[in-house]
Amino acid sequence: MILVTGATGNIGSALLKELHECGAGPLRGLTRDAARASFPEGVAAVEGDFAEAASLKPALEGVRSLFLVSRIGSDADILDAARQAGVEHVVLVSSITVQTHPHLGPAGENLAVERLLKGSGMAWTILRPTQFASNALWWAASIRGHQTVRVPYAGIGLPTIHPADIASVARVAFTESGHQGRTYALTGPERVTARQQVEAIAVALEREVPFAEISREEAHRQMAAFLGDEAADAVLDVTGGDVNDELLKVRDTVSQVTGSPARPFHQWVSENAAAFR
């Protein structure tokens, strides 16, 4: 039994689909509202709330493998509940910032979760992805409203990753041997600047999308309003303000693990163009 948490999210939904298609299972998808979940036929929808680890007990019953995204609940309680339920293997989605920006608060929090998992007694596989292609959805409302997309560091390209590639690596970790006790840094196949991302969206929409580069200060004021000062600074550092070779490095981990090339950003755009119309 494999339990996929965040089963309606960008990674979890893709992972459930891949596991179902390759015949893995039985499968469960964890969601806050099972009645609204749309999973592949044969995947059991189970309810749970990460804010209350005790609510996960029924979902974990009989589970041997767990897919978990870090820092969406009390990780210590969640891992403890998994261990008590008899879970044997956890695939954890952490962040590449653990190795590229270990001094930042969110990176330290991710590292703490990794250490909790390693000390839990359960087998583990840790995934450290870079910036998600789906982060472009932050601009969706502006683009739908034909407003200008305003971003800092417009010319700095990061090796943005398609969430489905994270799911593909997780699927291999669950279904093939040799991946327990491994940590994988995951990137897309090439660096893509924010300007190039917006251009790709414009091509998919077949219309111009207004674009403007703004200062870090202006971006910080906008982000801090809903993220807070520290988190806003961390986001700005890892999207251009404090880049380094480790952050910019394009890795072939996805193709090495899955046997298929990493998906380019324009593929994610073509699959999600409706969100910007």
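Structure: see above.
Residues numbered from 1 in each chain as written. Predicted model: local features only at pLDDT ≥ 70, side-chain atom pairs only at ≥ 80, totals over all residues. Heavy atoms only, no water.

With respect to the pattern of salt bridges
Here is step 1 of the chain: Tallied over the entire structure, the rule returns eleven salt bridges.
Here is step 2 of the chain: Ionic pairing is found between Arg171 and Glu18, a salt bridge with its closest N-O pair at 2.9 Å. In this pair, Arg171 is assigned in helix α7 (residues 163-175) and Glu18 in helix α1 (residues 10-21), connecting sequence segments 153 residues apart.
Here is step 3 of the chain: In this structure Glu18 comes out as buried when scored by relative accessible area, which is 14%. (Salt bridge = Lys/Arg side-chain N within 4 Å of Asp/Glu carboxyl O. Helix = DSSP H or I, 4+ residues; strand = E, 2+ residues; numbered from the N terminus. Buried < 20%, exposed > 50% of the residue type's maximum accessible area, 1.4 Å probe, protein only.)

Quick look at the nonpolar core
Here is step 1 of the chain: Counting 30 residues, the largest nonpolar core has Val4, Leu15, Phe67, Leu127 and Leu186 as its most contacted members.
Here is step 2 of the chain: Put simply, the parts of the chain that give this core at least two residues each are β1 (2-4), α1, β5 (89-93), α7, β9 (182-186) and α12 (253-258).
Here is step 3 of the chain: Considering each element in turn, this core owes the most residues, eight residues, to α7.
Here is step 4 of the chain: In this view, Leu15 contacts Val4, Phe67, Ala167, Ala170, Arg171 and Phe174; residues no more than four positions away in its chain are not counted.
Here is step 5 of the chain: Residues Leu3, Val46, Leu117 and Met122 belong to the second largest nonpolar core, which totals 22 residues. (Core = buried A, V, L, I, M, F, W, Y, C linked by side-chain atoms within 4.5 Å. Contact = heavy atoms within 4.5 Å.)

Observations regarding empty space enclosed by the protein
Here is step 1 of the chain: This model, assessed by the stated rule, comprises one cavity of 30 Å³ or more.
Here is step 2 of the chain: Approximately 30 Å³ is the volume found for the largest cavity.
Here is step 3 of the chain: Lining of the largest cavity is provided by Leu3, Thr5, Leu30, Leu56, Leu60, Leu66, Ile78 and Ala82.
Here is step 4 of the chain: A class-by-class count of the residues in the lining of the largest cavity yields seven nonpolar, one polar and no charged. (1 Å grid on protein atoms, 1.4 Å probe; cavity = no way out; pocket = protein on both sides within 12 Å on 5 of 7 lines; lining within 4 Å. Points joined across faces, edges and corners; volume = space filled by probe spheres on them. Nonpolar A, V, L, I, M, F, W, Y, C, P; charged D, E, K, R; others polar.)

Shape descriptors only; they carry no functional weight alone.
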